[in-house]
Amino acid sequence: MPRPTDTASSPACADRADTSERPRGRLFVLSGPSGVGKSTVLEQIRLLVPQLWYSVSATTRKQRPGEVDGVNYHFVTHDQFAELVEQERLLEHAHFAGNRYGTPRDPVEERLAAGEDVLLEIEVQGARQVRAAPGLGAEAVLIFLAPPSFDELARRLVGRGTEDEATRTARLDAARDELAAEPEFDHTVVNTDVKSAAAGLVQLMAESRPGSPVR
Ligand code: ADP
Ligand code: 5GP
């Protein structure tokens, strides 16, 4: 995982010389049960809003085929993850379906301070921690991505084909609790159709602050 000062890979960092006049960026949190389509919808949002900055999480889960270390996740060992927690380098972190996931703190803080909007794609326990974080939680906009139905969620998880049956069961068990958390969020978008869901999310983000780079 890069050190906090390693920001060279982000084109959004190109113009950050004078940040004193800029308002803080806005923090968006996208959450929802595993398999609902968060990554798929985010791919679409990337096309619509190329300048929005996405946090790359640390995780102990195994890399899936096609995933790139440092792009999809920072893939770390359990010991490395424990060290990140110990050193308080994670903004939030959670155990999810047998693995650990967390948001590196410094890159998020740096971008917000530089006036850039930030998007976190995390599960519900993490979203709650962001909401509770001093100085951050009050300004964060929490958005829940919901499936059209539980059966459709299960179908998507099976259809993705990335987990064995035991892992899918763990994720669907977690999904029941996660779906119950929807009222804790500021907004809900139902992912029936990827393009419509992405457009709905972009609109929500644009409306949440005039002048935001999300248009
Ligand atoms: P998450 O990131 O929430 O775990 P994914 O983005 O990996 O979910 O999506 C899970 C599966 O559902 C993938 O196979 C994806 O192609 C499919 N999917 C996502 N959105 C939709 C949709 N609106 N309609 C049908 N299938 C979808
Ligand atoms: P997956 O293993 O399918 O990539 O992710 C499993 C779940 O972990 C998803 O709901 C995803 O949103 C969530 N997740 C990914 N990164 C983080 C993170 O940094 N923190 C938390 N709390 N959850 C995360």
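Here is a short report on the structure shown in this document.

Cut-offs and rules
Every residue gets a number counted from 1 within its own chain, in the order that chain's sequence is written. Chains carry letters and ligands carry numbers; both start at the beginning, A for chains and 1 for ligands, and go up in the order they are written. This being a predicted model, a pLDDT of at least 70 is required before a residue's local features are given, and a value of 80 or more before pairs of side-chain atoms are given or counted; all residues contribute to the totals for chains, interfaces and linings. Excluded from the side-chain calculations are hydrogens and water; all other atoms, namely the structure's heavy atoms, are used. A cutoff of 4 Å decides nearness: a residue is near a molecule or strand if any of its heavy atoms lies inside that distance of it. We define a polar contact as two N or O atoms separated by no more than 3.5 Å, with the added condition that, inside protein, one atom must be a possible hydrogen donor and the other a possible acceptor, whereas residues neighbouring each other in sequence contribute only through side-chain atom pairs. Note on areas: Shrake-Rupley with a 1.4 Å probe; residue coverage comes only from the protein chains shown. The way it works is that DSSP assigns letters per residue, a run of H or I at least four long becomes a helix, a run of E at least two long becomes a strand, and they are numbered from the N terminus. Stacked, tilted and edge-to-face are the three classes applied to pairs of Phe, Tyr and Trp rings, where Trp contributes its six-membered ring and a pair requires centres within 6.5 Å; stacked means planes under 30 degrees apart, edge-to-face means over 60, and tilted covers the rest. By definition here, charges over rings are those cases where NZ of Lys or CZ of Arg is within 6 Å of the ring centre and within 35 degrees of the ring normal. Only the contacting stretch of a helix is used when fitting its axis, a line to C-alpha atoms as for every element, and angles between N-to-C directions run 0 to 180 degrees. Two helices crossing with the near one rotated counterclockwise from the far one by less than a right angle form a left-handed crossing, whereas a clockwise rotation gives a right-handed crossing. The contact definition used throughout considers only heavy atoms, calling two residues in contact when any of these lie within 4.5 Å. Under the convention adopted here, Pro, Cys and the residues Ala, Val, Leu, Ile, Met, Phe, Trp and Tyr are nonpolar, Asp, Glu, Lys and Arg are charged, and Gly plus all remaining residues are polar. In this scheme, a helix's expected span is set at 1.5 Å multiplied by one less than its residue total.

**Points about the site of ligand 1**
Here comes step 1: Taken together, 14 residues lie near ligand 1, and Gly35, Lys38, Ser39, Thr40 and Arg160 sit nearest.
Here comes step 2: One of the side-chain nitrogen or oxygen atoms of arginine 160 is found 2.8 Å away from an oxygen atom of ligand 1.
Here comes step 3: Asparagine 191 is positioned such that a nitrogen or oxygen atom in its side chain is 2.9 Å from a nitrogen atom of ligand 1.
Here comes step 4: A total of 570 Å² of accessible area belongs to ligand 1 in isolation, and the protein chains cover 75% of it.
Here comes step 5: The set of elements that each furnish at least two residues to the shell around ligand 1 consists of α1 (38-48) and α5 (150-160).
Here comes step 6: Here the shell around ligand 1 takes three residues from α1, the largest share from any one element.

**Regarding the packing of aromatic side chains**
Here comes step 1: Following the criterion strictly, the structure yields four aromatic pairs and no others.
Here comes step 2: These aromatic residues form a ring-pair network of at least three members: Tyr73, Phe75, Phe96 and Tyr101.
Here comes step 3: Sitting over the ring of tyrosine 54, arginine 46 keeps its end group 4.2 Å from the ring centre.

**A look at the packing of α5 against helix α6 (residues 165-180)**
Here comes step 1: Axis separation between α5 and α6 bottoms out at 11 Å; the angle between their running directions is 145 degrees. Seen along the crossing, α5 lies across α6 with a hand that is right-handed. Between α5 and α6, the residues in contact are Phe150, Leu153, Ala154, Leu157, Val158 and Arg160 and Arg168, Arg171, Leu172, Ala175, Arg176 and Leu179, respectively.
Here comes step 2: In terms of residue class, the contact of α5 with α6 is made up of eight nonpolar, no polar and four charged.

**Notes on helix α7 (residues 194-208)**
Here comes step 1: Its 15 residues give α7 an end-to-end C-alpha distance of 21 Å, which sits within 8% of 21 Å, the value for a rise of 1.5 Å per residue.
Here comes step 2: Taken together, the buried residues of α7 touch β1 (27-31), α1, β8 (141-146) and β9 (187-190).
Here comes step 3: The backbone nitrogen of lysine 195 has a side-chain oxygen 3.3 Å away, supplied by the residue at the start of α7, namely aspartate 193.

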